[in-house]
Amino acid sequence: MPELIKKKTLGILAIAGVEPYQETAGEEYMSPEQMAHFTKILKAWRDQLREEVSRTMSHMKDEAANFPDPVDRASQEEEFSLELRNRDRERRLIKKIEKTLMKIEEDDFGFCESCGVEIGIRRLEARPTADLCIDCKTLAELKEKQMQG
């Protein structure tokens, strides 16, 4: 599954082809420049996912064949099933990206939905769709783990 494409450029990790944000001294958290930076990352990521969906659809159309051998047919069906599962995951991720872009438009991006503190530039660089600060996310994961077993 193609994740947020990251590449190393001169020792700096680029996210979706966008270089990490360099804060300036005294810069206010979630300044217009930071909002523009995250909008650029999210749109690039969304576009990458949409391209992958299109590629999958054309691949499945091109590769669809009615193999006479049941083993070949089962193999192809399994491959298509895995691809469709991945595309479904990506479809949900696209929805989450769209939700995050709406939060940017509404000027409600970068703050924890649970406690209201700043999520932080570096955490958002790593996970642009994060809506919880690291403390609340850790707590939520612990609660989830306790509920499971």
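Residues numbered from 1 in each chain as written. Predicted model: local features only at pLDDT ≥ 70, side-chain atom pairs only at ≥ 80, totals over all residues. Heavy atoms only, no water.

> In this structure, what is going on with the UniProt feature "binding site: Zn(2+)" (unreviewed entry) in the protein chain? I would like to understand it.
As recorded in UniProt, the feature "binding site: Zn(2+)" (unreviewed entry) lies at C112, C115, C133 and C136. For the residues just named, distributed over 25 residues, the greatest C-alpha separation is only 8.1 Å, placing them together at one site. Structurally, C133 can be placed in the loop between α3 (121–126) and α4 (134–148). Once you skip the residues sitting within four places of it in the chain, C133 turns out to touch C112, C115, V117, E118, I119 and R123. Looking at the secondary structure, you find C136 in helix α4. The buried category is assigned to C136, whose relative accessible area is 15%. For C136, the contacting residues outside a window of four places in its chain are C112, S114 and C115. (UniProt positions renumbered as here; feature names shortened; annotations may be inferred. Helix = DSSP H or I, 4+ residues; strand = E, 2+ residues; numbered from the N terminus. Contact = heavy atoms within 4.5 Å. Buried < 20%, exposed > 50% of the residue type's maximum accessible area, 1.4 Å probe, protein only.)

> Honestly, unusual backbone geometry in this entry has me stumped. Any pointers?
Glycine aside, the phi torsion of most residues is negative, and most peptide linkages are trans. In this structure, M30 is a non-glycine residue whose phi angle is positive, near 60°. In this structure, M30 sits in the loop between β2 (12–15) and α1 (32–63). For M30, a relative accessible area of 9% gives the class buried. Despite not being glycine, D107 has its phi angle at roughly 60°, a positive value.

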